[in-house]
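Remarks on the overall topology
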Amino acid sequence: MTYRASVFLPLTVDAAARLDTGPLLGQALATDRAADECWTALLAGCGSPARRDLAPELRRLSEATSVHVGTRWWFAEGGEHRRRVASAQQHLEGAVADGDGQEFALAFVGYDHAMARAITTGEHARESGAVGGRHRR
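All of the points below concern the structure found in this document. (Residues numbered from 1 in each chain as written. Predicted model: local features only at pLDDT ≥ 70, side-chain atom pairs only at ≥ 80, totals over all residues. Heavy atoms only, no water.)

1. Things to note about the overall build of the protein chain
The helix and strand inventory of the protein chain stands at six helices and zero strands. Starting at the N terminus and ending at the C terminus, the protein chain contains elements arranged as α-α-α-α-α-α. When contacts within the protein chain are restricted to residue pairs at least 6 apart in sequence, those whose partners lie at least 24 apart make up 70%. Carbon and sulfur atoms make up 52% of the accessible area of the protein chain, which totals about 7,000 Å². (Helix = DSSP H or I, 4+ residues; strand = E, 2+ residues; numbered from the N terminus. Contact = heavy atoms within 4.5 Å. Areas by Shrake-Rupley, 256 points an atom, 1.4 Å probe, with all protein chains shown as cover.)

Okay, structure coming up:
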C-alpha cells in the first residue's frame, strides 16, 4: 500500500505499514489527516470543525488498534499500553480545547510513540502466541 509521509503519526503509520495492516494503516492515515487539519485550525486560531473532528478519529484509531492486536490482549496484558494511549489522547484533547499549538505538537509526539509501541508490542505478543486469539467486544 502506498501512503503519503505522515506528519503527526510517523511512528504509528510506519508500524502499521510494516505489519501490512490494511484497516489499521487506513485509520492511522485518516487520523494523521485529521491532525493536520486540526493543526491548521489551531494555527489560524479558529474553531473550525477540524478541531472537533480529531477526537473521534483518535478513538477510531484506538479501536482499530484493539481489533488488530486482539481485544483480549488490549484489555489484559496490553492494558498498560492502552492506558498510555488513553492518557496521551486526553493530553491531546486538552491541548485542542485550550487552542495551544505548542502543547498540541508536543502531545502528538507522546501519542504517536504510545500508539506505535502498542501496535508493535501487541503484534509481537500475537505472533509469539502470547495472545489467546482475537475477538471482538
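Now that the structure has been shown, we can carry on.
2. A closer look at the packing of aromatic side chains
Evaluated as defined, the whole model comprises seven aromatic pairs. Centre to centre, the rings of Phe104 and Phe108 are 5.2 Å apart; their planes meet at 65°, and the pair counts as edge-to-face. Pair noted here: Phe104 and Phe108 are both in helix H6 (residues 101-127), with a separation of four residues, about one helical turn. Here Phe104 matches Phe108 in class, with each residue buried. Ring plane angle 80° and centroid distance 5.8 Å describe the contact between Phe108 and Tyr111, whose orientation is recorded as edge-to-face. In this pair, Phe108 and Tyr111 are both assigned in helix H6, three residues apart and thus about one turn of the helix distant. Neither residue differs from the other here; Phe108 and Tyr111 are each classed as buried. Every member of this aromatic cluster is reached through a ring pair, and the members are Phe8, Trp39, Phe104, Phe108 and Tyr111. (Phe/Tyr/Trp six-rings, centres within 6.5 Å; stacked < 30°, edge-to-face > 60°. Buried < 20%, exposed > 50% of the residue type's maximum accessible area, 1.4 Å probe, protein only.)

3. Remarks on the environment of Ser62
Relative to the elements of secondary structure, Ser62 occurs in helix H3 (residues 49-69). The exposure class of Ser62 is buried, given its relative accessible area of 14%. Along the sequence, Ser62 and Met115 sit 53 residues apart, while their C-alpha atoms lie 8.0 Å from each other. If we ignore the near neighbours within four places in the chain, the residues touching Ser62 are Trp74, Val85, Gln89, Tyr111 and Met115.

4. So, unusual backbone geometry
Of note, the phi angle at Asp20 is positive, near 55°, even though the residue is not glycine. Assessed through its relative accessible area of 66%, Asp20 is described here as exposed.

5. Considering helix H5 (residues 79-98)
Three- or four-residue spacings in an α-helix give side chains the same orientation, since the helix completes a turn every 3.6 residues. For H5, built from 20 residues, the straight-helix expectation of 28 Å at 1.5 Å per residue is met to within 8% by its first-to-last C-alpha distance of 28 Å. Within H5 the residues assigned to the buried category are Gly79, His81, Val85, Ala88, Gln89, Leu92, Ala95 and Val96. Close packing links the buried residues of H5 with helix H2 (22-44), H3, helix H4 (71-75) and H6. Of the residues one or two after H5, Gly99 is the one with positive phi, at around 70°. (Expected span 1.5 Å × (residues − 1).)

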